[in-house]
Amino acid sequence: MSLLSFTAVDRHFLPQIREHTYKGHSDSVDQLCWHPSDPYLFVTASGDKTVRIWDWRNSKKVTTVNTRGENINICWSPNGQTIAVGNKEDLVSFIDFKMGKVQTEHPFKHEVNEISWNNDNDLFFLTSGQGSIHVLSYPDLKTLDVLNAHPANCICLKFDPTGKYFATGSADALVSLWDVEELVCVRTFSRLEWPVRTISFSYDGKLLASASEDLMIDITYVETGEKVAEVKCETPTFTVAWHPKKYLLAFACDDKDKYNNDREAGTIKVFGFPKDT
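None of these values were measured; they are calculated from a predicted model.

As for the pairing of strand 13 (residues 132-137)
- In terms of residue burial, strand 13 counts as a mostly covered element, since six of its six residues are buried.
- Of the two faces of strand 13, both are covered, the one formed by S132, H134 and L136 as well as the one formed by I133, V135 and S137.
- In this structure, strand 12 (residues 123-128) lies alongside strand 13, joined through five bridges in antiparallel fashion. When the sheet's bridge partners are listed, L123 is paired in strand 13 with S137.
- With antiparallel pairing between neighbouring strands as the criterion, strand 12 and strand 13 make up a hairpin whose turn holds three residues, including G131 at a positive phi of roughly 80 degrees.
- In the sheet, strand 13 pairs with strand 14 (residues 143-148) via five bridges, with the strands oriented antiparallel. Bridge pairing in strand 14 places L136 opposite T143.
- Between strand 13 and strand 14, which follow one another and run antiparallel, lie five residues, and L141 among them has a positive phi close to 60 degrees.

Description of the sheet that holds strand 8 (residues 82-87)
- Within the open sheet, the four strands sit side by side as 7-8-9-10. Their pairing is antiparallel. Looking at which strands have only one partner, the edges of the open sheet turn out to be strand 7 (71-76) and strand 10 (101-107). Between one strand axis and the next, the sheet turns by 20 degrees as a mean value, whatever way the strands run.
- Pairing analysis gives five bridges linking strand 7 to strand 8, with the strands arranged antiparallel. Bridge assignment links N71 to a residue of strand 8, and that residue is N87.

Scoring rules and cut-offs
Residues numbered from 1 in each chain as written. Predicted model: local features only at pLDDT ≥ 70, side-chain atom pairs only at ≥ 80, totals over all residues. Heavy atoms only, no water. Buried < 20%, exposed > 50% of the residue type's maximum accessible area, 1.4 Å probe, protein only. Helix = DSSP H or I, 4+ residues; strand = E, 2+ residues; numbered from the N terminus. Pairing = 2+ DSSP bridges. Axes fitted to C-alpha atoms, helices over the stretch in contact; angles between N-to-C directions.

Written out as structure tokens, the structure reads:
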């Protein structure tokens, strides 16, 4: 992915759209996430073996953290103190946010597709190539449970900000919604036709965005499964992220040079921030 964009789902913000461009990564940006409470900070994981922490108000204000591999997934702990990043070798590194450097590393013997803390910050979840969800204690990372979630590769995982649900996306093109307390699947969403690469809950937990190679981002009501909106994309989308305070959705698409020779690998573009954010 090379382009990071913002779209305003709430029409109230559309007249105030601004554009920000962030450059620094030398390879594709594979995933991004927001700071859990600071609406100005987001972090990106890249194939250039770095993690970068950005302040969207100033594209030159950035912290760069070097890692040992090509990064493919990233998440921020609910308390804001730690960033976890996974690479292609299934090594998860834990970065101290204030110090800006890797504190610990944990290798896994199975495929790790996406990672996330629960909202209480005492459990660490990850999805695997066997279609399962692994539930680990945190910070000691001991396996507590393994949930059989999908018959195919379980790719992505996100927690609802209210703490009621978490969702997973799979190569079977399904998004499944899970009850956090009971650890049972309560419903599935099936509007995408390709493997689900990325999902994200809105700040209030009411909306769920999911995307893949379908050239559109599906947005649905969590409680009913009703379709809310569809965001058209020119290229496959592999990461989406709702803003922590607004109905604003960030997304990064595949490298444009694969389609029209307009190479912008490693460039992040941000659209849709209102002036009063």
